[in-house]
Amino acid sequence: MTLTADAAGVFPIAPTPFNPDGSVDWASTEKLFAFYDEIGSDGTTVLGIMGEAPKLEPEESLRIVKTAVAGMPGKPVIVGVSAPGFAAMRTLARQSMELGAAGVMIAPPPSLRTDDQITGYYAQAVEAIGTDIPFVIQDYPLTLSVVMTPAVIRKIVTDNPSCVMLKHEDWPGLEKISTLRKFQKEGSLRPISILTGNGGLFLDFEMERGADGAMTGYAFPELLIDVVKLQKAGKRDEAHDIFDAHLPLLRYEQQLGAGLAVRKYTLMKRGILASDAQRKPGSAISALAKTEVDYLLARVAKTDPRAAL
């Protein structure tokens, strides 16, 4: 399966399950992708920022890709291939595609500042991995410190036919989605899939601005699926109602430096991960923070029984 500009729905960003000793927990890895498939995810993304990709050995990265492809048959798997150098990016991209990945995601390095530097970087990245591999632009200025204007994104898409998707994580970013869709209506931008991130924190209105779905890692991806489906069905109030019930936990999960630990703890409580461990260097949440998460889960469960753990 090859990723196209028609891609839509929810692509959960997969965390990498680790055992307490730091080794990859392969049993939980298989269980995670089976879970994503079972709940109706439209695809998945592996080796992203939340997947602790820089901490993995090359062999581990490829095994995760292979496990994701096997665990979600017939659904697209996107692989994060961002790397300091193009040689490593090319190797991971082409090996991932050989294993059955649908496309790759490329984030800009933090050193880029000017528009020309950004567009030039993506041109070089495409040259390195090959024009036959569909790719996703990762626009995440809060973490990567690279600011892409809608015009810059339009130029990257226009100059590189293999660009089929934008992972939109700007904040605030609603106007950016509207501007890009306006470009499309005017004919200055070809169709492109827009999936949003930021833990789903703005998904309720992102869908109304023209997003096609979400690509993020909230511990209840079922909620993301619900919001996307309800918004596409025109059930605005229902979408906001279920979203609002989860919003306190979504917000708690978005704490810089603690978000992944919160997410893994919740996934462990759900029985999907055997451990909430991160590979060193990593963070952990305190016993008090865990009681706060438990409290939020209990509150969410009053509206959504899936949170009754």
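This text goes with the structure placed above it.
Note that the structure is predicted; figures quoted are calculated from it, not measured.

All right, on to helix H3 (residues 86-98) then. Between its terminal C-alpha atoms H3 stretches 18 Å, which fits the 18 Å expected from 13 residues at 1.5 Å a residue. What H3 keeps buried is the set Met89, Leu92, Ala93 and Ser96. Buried residues in H3, looked at end-on, bunch into an arc of 100°, giving them a common side. What points out from H3, more than 90 degrees from its buried face, is the exposed set Ala87 and Glu98.

What follows is about the packing of aromatic side chains. The description of an aromatic ring pair rests on the distance of the ring centres and on the angle between the ring planes. Summed over the entire model, instances satisfying the criterion amount to seven aromatic pairs. When the centroid spacing of 5.3 Å and the interplanar angle of 35° are considered together, the rings of Phe86 and Tyr121 count as tilted. Note that Phe86 is positioned in helix H3 and Tyr121 in helix H4 (residues 115-129), a separation of 35 residues in sequence. For Phe86, a relative accessible area of 24% gives the class partly exposed. Since its relative accessible area comes to 10%, Tyr121 is described here as buried. On the numbers, 6.0 Å between centres and 50° between planes, the contact of Tyr218 with Phe220 is tilted. Of the residues examined, Phe220 reaches a relative accessible area of 1% and is grouped as buried. A connected cluster of aromatic rings, assembled from ring pairs, spans Phe86, Tyr121, Tyr122 and Phe135. One residue, Arg63, lies across the ring of Trp26, its end atom 4.0 Å from the ring centre.

Every regular strand shows the same layout, with side chains that alternate between the two sheet faces. Of the two faces of strand S4 (residues 103-106), the one holding Gly103 and Met105 and the one holding Val104 and Ile106 are both buried throughout. For strand S3 (residues 77-80) and S4, the ladder comprises three bridges, and the chain directions are parallel. Within S4, the position partnered with Val79 by the bridge is Val104. Following the backbone out of S3, through H3 and into the adjacent parallel S4, one traces a crossover that is right-handed. Of the strand pairs in this sheet, S4 and strand S5 (residues 135-139) are connected by three bridges, and their pairing is parallel. Its bridge partner being in S5, Met105 is matched across the sheet by Val136. In this fold, the crossover linking S4 to S5 by way of H4 has right-handed handedness.

As a further point, take the pattern of salt bridges. This model, assessed by the stated rule, comprises 18 salt bridges. Note that Lys55 and Glu52 form a salt bridge whose closest N and O atoms lie 2.8 Å from each other. The partner of Asp276 in a salt bridge is Lys290, and the shortest N-O contact between them spans 4.0 Å. Remark: Lys290 occurs in helix H12 (residues 287-301) and Asp276 occurs in the loop between helix H11 (259-269) and H12; sequence separation between them is 14 residues. Judged by relative accessible area, Asp276 falls into the partly exposed class, the value being 22%. Judged by relative accessible area, which is 27%, Lys290 ranks as partly exposed. Sharing partners across several salt bridges, the network here consists of Glu52, Lys55 and Lys264.

The gaps left among the atoms become clear once a water-sized probe is rolled over them. Enumeration according to the criterion identifies one cavity of 30 Å³ or more in this entry. Each pocket or cavity is described by its volume, and for the largest cavity that value is around 50 Å³. Residue lining of the largest cavity: Ala14, Pro15, Thr16, Pro17, Thr29, Leu32, Phe33, Val46, Leu47 and Ile64, and that is the complete set. Among the elements that make up the lining of the largest cavity, the one with the highest residue count is helix H1 (residues 26-38) (three residues). Residue composition of the lining of the largest cavity, grouped by class: eight nonpolar, two polar and no charged.

Moving on, we get to the nonpolar core. If you look at the biggest cluster of nonpolar residues, it comprises 85 residues, and the most contacted ones within it are Val46, Ile106, Tyr122, Phe135 and Ile137. Leaving out residues up to four positions away in the same chain, Ile137 has contacts with Ile106, Tyr122, Met148, Ile153, Ile156, Val157, Cys163, Met165, Leu166 and Lys167. Ranked by size, the runner-up nonpolar core spans twelve residues in total, among them Leu3, Phe11, Ile13 and Leu195.

With parallel pairing, the eight strands of this open sheet are ordered in space as S1-S8-S7-S6-S5-S4-S3-S2. Two strands in the sheet have a free side with no partner beyond their single neighbour: strand S1 (9-10) and strand S2 (44-46).

Once that is clear, we can look at the environment of Leu32. With respect to the element layout, Leu32 can be found in helix H1. The exposure class of Leu32 is buried, given its relative accessible area of 0%. Taking C-alpha positions, Leu32 is 8.5 Å from Pro17, a pair spaced 15 residues apart along the chain. When neighbours within four sequence positions are excluded, Leu32 is seen to be in contact with Ala14, Pro15, Pro17 and Ile272.

About the criteria used
- Residues numbered from 1 in each chain as written.
- Predicted model: local features only at pLDDT ≥ 70, side-chain atom pairs only at ≥ 80, totals over all residues.
- Heavy atoms only, no water.
- Helix = DSSP H or I, 4+ residues; strand = E, 2+ residues; numbered from the N terminus.
- Expected span 1.5 Å × (residues − 1).
- Buried < 20%, exposed > 50% of the residue type's maximum accessible area, 1.4 Å probe, protein only.
- Arc of directions from axis to C-beta.
- Phe/Tyr/Trp six-rings, centres within 6.5 Å; stacked < 30°, edge-to-face > 60°.
- Lys NZ or Arg CZ within 6 Å of the ring centre and 35° of its normal.
- Pairing = 2+ DSSP bridges.
- Right-handed = clockwise from strand over helix to strand, strands pointing away.
- Salt bridge = Lys/Arg side-chain N within 4 Å of Asp/Glu carboxyl O.
- 1 Å grid on protein atoms, 1.4 Å probe; cavity = no way out; pocket = protein on both sides within 12 Å on 5 of 7 lines; lining within 4 Å.
- Points joined across faces, edges and corners; volume = space filled by probe spheres on them.
- Nonpolar A, V, L, I, M, F, W, Y, C, P; charged D, E, K, R; others polar.
- Core = buried A, V, L, I, M, F, W, Y, C linked by side-chain atoms within 4.5 Å.
- Contact = heavy atoms within 4.5 Å.

Read these as layout, nothing more, since geometry by itself doesn't imply function.
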